[in-house]
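Structure assessment
What follows is each chain in one-letter form.
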Amino acid sequence: MTNADDSCWICGKRELLPFRCRYCGKDFCAAHRLPEQHACPGLDFAQRHSRYTGGLNNQVPDDVFKDMVRNTTKRAAKSMVKNILGSTMSSMKNSPSMAIIYICLVSFFIGNIFLGIRYFNLFKLTPAFIFTQPWTIVTHMFLHVDFGHLFFNMLVLFFFGRELENRIGNSRFLEVYFISGVVAAIGYSLTASNPYSSVVGASGAILGVFATLTVLAPDLRVYVYFVPMQIKYALLLFALLDFALMGSNDMVAHTAHLSGILVGLFMGFRIKKTMRIYNSAYNSYYRRW
């Protein structure tokens, strides 16, 4: 005996194993089992919304689910890349220190991973070739030999470069940075015992920034190897170490460091004097009113 539920929804014919439509969920006999034969109301919906094919439950098939996951992941990745690029461009536009850091990072990967020695030979500073390759007076500041060299230079620039920017503005900061770096390169070239000994790195320029900040804020508290001290004592310590190690074979351009410090001090006192004159004129003008 068969159950009344086994009857065809169209003609009422009973079958032991009726066909259940996957679109509308109703039971049909063999003659009416196709959606087109029983005017299935779910067929038109399924054709218009091809993602969904599961009858009453609207189940999502595996391939559709995979497409959804793939599309969602792709959109998320695009959004993340867009946000990263947007933040990077914004920070580079607003902060020359960050722009220099990003350029040094890109240069590091190009020189140490992709192009190698050819890249360094083109942009490193060699005193013997300073007149035939004059661009290296600037480009050597964007090269670093290893990750430790890059990391410590960029760490110092990140903290103290941004601090100096806030005090003197972006254009003046760039003047301090590049003038210190160029003079550091010239100082090294004039004092190098071997004119074919090349130099790379932003240390001279960064120490110029550090020295300028020291003049403007001598009591600023800093940490040197986790030891707190005022920035003026930190600069004195760096200068004494470079002076004591001149002529050693430690592969560090100490004369470039000292040259950068001297330029930074000079520019710091010059900027401080200009700021004092400006503030005095500003206060005098408003006192008259």
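Below, the structure is looked at part by part. These numbers were taken from a predicted model, which means no experiment stands behind them.

1. Some details on helix H6 (residues 147-168)
The terminal C-alpha atoms of H6, which comprises 22 residues, lie 30 Å apart, in line with the 32 Å expected from a rise of 1.5 Å per residue. Of all the bends found along H6, the most pronounced is centred on phenylalanine 158 and spans about 30°. Of the residues making up H6, those classed as buried are Leu150, Asn153, Met154, Leu157, Phe160, Gly161, Leu164, Glu165 and Ile168. Between the side-chain oxygen at the start of H6 and the backbone nitrogen of glycine 148 there is a gap of 3.3 Å, and the oxygen is on aspartate 146. Positive backbone phi, approximately 95°, marks glycine 169, located one or two places after H6.

2. A word on the environment of glycine 268
On the secondary structure map, glycine 268 appears in helix H10 (residues 254-287). A sequence separation of 60 residues divides glycine 268 from glycine 208, and the C-alpha atoms of the two residues are 9.0 Å apart. When near neighbours in sequence (up to four residues on either side) are disregarded, glycine 268 contacts Thr212, Val215 and Leu216.

3. A short note on helix H8 (residues 203-216)
For H8, which comprises 14 residues, the first-to-last C-alpha distance of 20 Å matches the rise-based estimate of 20 Å (1.5 Å per residue) to within 8%. Burial of H8 is extensive: 14 of the 14 residues sit out of reach of the surface.

4. Some remarks on the pairing of strand E3 (residues 221-224)
Of the two faces of E3, the one lined by Val222 and Val224 is fully buried and the one lined by Arg221 and Tyr223 carries no buried residue. Where E3 folds back on strand E4 (residues 227-230), the antiparallel hairpin that results is connected by two residues, among which tyrosine 225 adopts a positive phi of roughly 55°.

5. Description of the pattern of salt bridges
Evaluated as defined, the whole model comprises two salt bridges. Close ionic contact of glutamate 163 with arginine 167 constitutes a salt bridge, the shortest N to O distance being 3.0 Å. Pair noted here: glutamate 163 and arginine 167 are both in helix H6, with a separation of four residues, about one helical turn. Where aspartate 219 meets lysine 232, a salt bridge forms, and the shortest distance between an N and an O atom there is 3.3 Å. One end of the pair, aspartate 219, is in the loop between H8 and E3; the other, lysine 232, is in helix H9 (residues 231-244), and 13 residues separate them in sequence. Using a relative accessible area of 33% as the deciding quantity, one classes lysine 232 as partly exposed.

6. Looking at the side chain of asparagine 153
Along the polypeptide, asparagine 153 turns up in helix H6. Judged by relative accessible area, asparagine 153 falls into the buried class, the value being 10%. A distance of 3.3 Å separates the side chain of asparagine 153 from the side chain of serine 203, its partner in a polar contact. Apart from the residues within four sequence positions on either side, asparagine 153 is in contact with His144, Ala202, Ser203 and Ile206.

7. Here we look at unusual backbone geometry
With the exception of glycine, the majority of residues adopt a negative phi angle, and the majority of peptide bonds are in the trans configuration. A positive phi angle, near 55°, is found at tyrosine 225, a position not held by glycine. Judged by its relative accessible area of 74%, tyrosine 225 is exposed. Located in the positive-phi region is phenylalanine 226, a residue other than glycine, with phi close to 70°. Secondary-structure assignment places phenylalanine 226 in the loop between E3 and E4.

8. Concerning the packing of aromatic side chains
Any two aromatic rings considered together are summarised by their centre-to-centre distance and by the angle between their planes. The tally for this structure, following the rule as stated, stands at twelve aromatic pairs. Between phenylalanine 108 and phenylalanine 109, the aromatic rings sit 5.8 Å apart at their centres with planes inclined by 80°, giving edge-to-face as the arrangement. The class of phenylalanine 108 is buried, set by a relative accessible area of 11%. Measuring from centroid to centroid gives 5.2 Å for tyrosine 177 and phenylalanine 178, while their planes differ by 80°, and the two rings are edge-to-face. Tyrosine 177 gets classed as buried once you look at its relative accessible area, which sits at 0%. Taken together, the ring pairs connect Phe142, Phe173, Tyr177 and Phe178 into an aromatic cluster.

Rules used throughout
- Residues numbered from 1 in each chain as written.
- Predicted model: local features only at pLDDT ≥ 70, side-chain atom pairs only at ≥ 80, totals over all residues.
- Heavy atoms only, no water.
- Helix = DSSP H or I, 4+ residues; strand = E, 2+ residues; numbered from the N terminus.
- Expected span 1.5 Å × (residues − 1).
- Bend = angle between axes of the 7 residues up to and from the residue.
- Buried < 20%, exposed > 50% of the residue type's maximum accessible area, 1.4 Å probe, protein only.
- Polar contact = N/O pair within 3.5 Å; in protein donor to acceptor, adjacent residues only side chain to side chain.
- Contact = heavy atoms within 4.5 Å.
- Pairing = 2+ DSSP bridges.
- Salt bridge = Lys/Arg side-chain N within 4 Å of Asp/Glu carboxyl O.
- Phe/Tyr/Trp six-rings, centres within 6.5 Å; stacked < 30°, edge-to-face > 60°.

Functional significance is not addressed by these values, which are geometric in nature.
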